[in-house]
Amino acid sequence: MSAASAGGDRCFRNSLESGLGRARHMAAFDTVIRNGTVATASDTFKADVAIKSGRIVAIGEAITDADEIVDATGLLVLPGGIDSHVHISQPSGPGIVMADDFESATRAAAFGGNTFVMPYCLQEKGQPLRSALKDYHALADNACYVDHSFHLIIADPTDAVLGQELPALVADGYSSLKIFMTYEGLALNDYEILGVLQVARERGALVQIHAENYDAIRFLTDRLERAGHIAPYYHGKSRPIPVEREATHRAISLAELIDVPIVIVHVSNREAMEEIRRAQARGLKIHGETCPQYLVLTEEDMQGLNMEGAKYVCSPPPRDKASQEACWEGLQQGVFSLFSSDHCPFRYDDEAGKLTPKGRTSFRWVPNGIPGVETRLPILFSEGVSKGRITLNQFVAFTATNHAKTYGLKGKGSIAIGYDADIALWDPAKTAKISQSGLHHGSDYTPYEGIEITGWPVATMLRGKFVVRDGKLIGAKGSGRYVTRGKPGGLA
């Protein structure tokens, strides 16, 4: 990535004990990060952070007794990002292939300051959940650079799934589910949604809901196509704000009937955000999530010549400037507690991706999704912290701490004694321009091309070991582990 910094790219200076000192005693710590500014969701302070056997074991001043000293002068010491909404190696329809496997996606995540991702294991129609999980684990095993855990997408809530498979899997630690109110083959009707929510309430699982009205989208799509409006730009017109607002209201109402918490994911506009705010004001446990595309992109980006607009096709679609401001308000006022990427990558110049031949006949066939796992944190830091929209502590909460709490990740998401040493070192003054040439995902483009960034992660540590350092990948493929989660904190 092309970048210029007032201080230039920082070189971490390692200070190892001398051979004579080593002969006298064994160091108390494996690594100490010295002279940095530590930030958590609640506090910011100067401190040294000591690491032993992959965990943070001391936070204080003048800690020097370590095998390796990392000088973090001028840097922020933040918990590694947790991206709880990413799509990796997920079935995407006949002839369509996602651009990222677990190796490329988790590599990109690490370069973006993340130490944990949560992709989706998709149950296809007629498929047992355990069969889907077995296949998905096989794709991730020994391939990841960062830790990970899976959400379960429930596409076929049969009596056997709801009565037997799902309860057993929740007990095994697969404690978060996702259901869709749109997409052919995925959309559940209200009766099916209520069935999933009931199991979640009884078994202690947290349900994410993709809230868009499927029938309304089908109706609008048919009407647009009959009028000859088939370009990617009309993807947005087929999914206007009322489609999302109505489904958000309905999802909240169904959750209220069952008395169960839910997460409304990738909220794109004020109307849907206000539905969540009203529910929260009434005491309902409704969590909200938004994403970078709703802060920096607009529907006009889908206006590109020929099929260029396909690069920005995702659901819900980017809206307008007023919707961007509403999403910032949702973050600032705590209506949204989660900020995720919704990383869903396809290659653009590829018939198995955005340029699928059917996509040229209508926007309805353009694969939905954009890449973003590597750029999520820099965009929020630059547009939020650097520009004064949110505090550094809010940044930590939105990108790490709240994800760990919401989804039952113990010992993750903060800089605290006893926690895993999952740490990102940030240079808050480093400036960069987002460019596909400098990114590490499997896609061949970024929808955020050319955005100027202030503040960038310069190193990422997983359980005390560097994965990325000085712009280089030094972690081992397969060092990332699958993590079984406890009861989601989002149920509390």
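Keep in mind that this is a model prediction, so the values were computed, not measured.

Asks: Explain the overall build of the protein chain to me, using residue names and the numbers behind them.
Replies: Within the protein chain, the regular secondary structure consists of 14 helices and 20 strands. For a compact globule of 492 residues, the expected C-alpha radius of gyration is about 23 Å, and the protein chain comes in at 22 Å, within 12% of that figure. Projected onto its principal axes, the C-alpha positions of the protein chain cover 80 × 50 × 40 Å. Surface summary for the protein chain: the accessible area is close to 18,500 Å², and the carbon and sulfur share equals 50%.

Asks: If you had to explain the sheet that holds strand β14 (residues 262–264) to someone new, which residues and values would you point to?
Replies: With respect to topology, seven strands assemble into an open sheet ordered β9-β11-β12-β13-β14-β15-β16, the strand pairing being parallel. Each of the sheet's edge strands pairs with one partner strand only, and the pair in question is β9 (120–122) and β16 (336–339). Direction aside, the axes of adjacent strands within the sheet are offset by 30° on average. Across three bridges, the pairing between β14 and strand β15 (residues 286–290) is parallel. Pairing of Ile262 across the sheet is with Ile286, part of β15. Contacting β14, β15 and β16, helix α9 (residues 270–281) runs over the sheet at an angle of about 155° to β15.

Asks: I'd like a description of the pattern of salt bridges, backed by residues and values.
Replies: With the rule as written, the count across this model stands at 33 salt bridges. A salt bridge links Lys52 to Asp30; the shortest N-O distance between them is 3.8 Å. Taken together, the residues span a long stretch of sequence, with Lys52 in strand β3 (residues 44–52) and Asp30 in strand β2 (residues 29–39) at a distance of 22 residues. Since its relative accessible area comes to 28%, Lys52 is described here as partly exposed. Across the pair Glu275 and Arg278 runs a salt bridge, and its minimum N-O distance is 3.1 Å. A residue pair is termed a helical-turn pair when its members lie 3 or 4 positions apart in one helix, as Glu275 and Arg278 do in helix α9 at three residues. For Glu275, a relative accessible area of 10% puts it in the buried group. Residues joined in a network through salt bridges with shared partners are Arg55, Asp147, Lys412, Asp420, Asp422 and Arg463.

Asks: So what about the nonpolar core? Which residues, and what values?
Replies: Formed by 106 residues in total, the largest nonpolar core has its most connected members in Leu166 and Phe395. Ile51, Ala72, Leu75 and Ile415 belong to the second-largest nonpolar core, a separate cluster that totals 18 residues.

Asks: Could you give an account of the packing of aromatic side chains, naming the residues involved and the relevant values?
Replies: Throughout the structure, instances matching the rule amount to eleven aromatic pairs. Judged by centre distance (6.4 Å) and plane angle (70°), the ring pair of Tyr348 and Tyr445 falls under edge-to-face. Within this pair, whereas Tyr348 is found in the loop between β16 and α12 (357–361), its partner Tyr445 is found in the loop between β17 (423–433) and β18 (452–462), the two being separated by 97 residues in sequence. Each ring, one from Phe381 and one from Phe395, has its centre 5.3 Å from the other, and the planes form 90°; the classification is edge-to-face. With Phe381 in helix α13 (residues 376–386) and Phe395 in helix α14 (residues 392–407), this pair connects stretches of sequence that are 14 residues apart.

Conventions adopted
- As a convention, each chain's residues are numbered from 1 in the sequence order in which they are written.
- Given that this is a predicted model, residues contribute local features only at a pLDDT of at least 70 and side-chain atom pairs are listed and counted only at 80 or more, while totals for whole chains, interfaces and linings are drawn from all residues.
- Processing note: side-chain calculations cover all non-hydrogen atoms of the structure and skip hydrogens and water entirely.
- Numbering of helices and strands starts at the N terminus; helices are DSSP runs of H or I of at least 4 residues and strands are runs of E of at least 2.
- Our radius of gyration looks at C-alpha atoms and nothing else; its globule reference is 2.2 Å times the residue count to the power 0.38.
- Note on areas: Shrake-Rupley, 1.4 Å probe, and residue coverage restricted to the protein chains presented here.
- What makes two strands pair is DSSP finding at least two bridges between them.
- Only the stretch in contact is used when a helix axis is fitted, and all axes are lines through C-alpha atoms; the angle between N-to-C directions ranges over 0 to 180 degrees.
- In what follows, a contact means two residues having at least one pair of non-hydrogen atoms within 4.5 Å.
- Any carboxyl oxygen of Asp or Glu that lies within 4 Å of a side-chain nitrogen of Lys or Arg is treated as forming a salt bridge with it.
- Relative accessibility decides the category of a residue: with a 1.4 Å probe and only protein chains considered, values under 20% of the type maximum give buried, values over 50% give exposed, and everything between is partly exposed.
- By convention a nonpolar core is built from buried Ala, Val, Leu, Ile, Met, Phe, Trp, Tyr and Cys residues, the set being connected through side-chain atoms within 4.5 Å.
- Any pair of Phe, Tyr and Trp rings, taking the six-membered ring for Trp, is counted once the centres come within 6.5 Å. Such a pair is stacked with planes under 30 degrees apart, edge-to-face with planes over 60 apart, and tilted for the rest.

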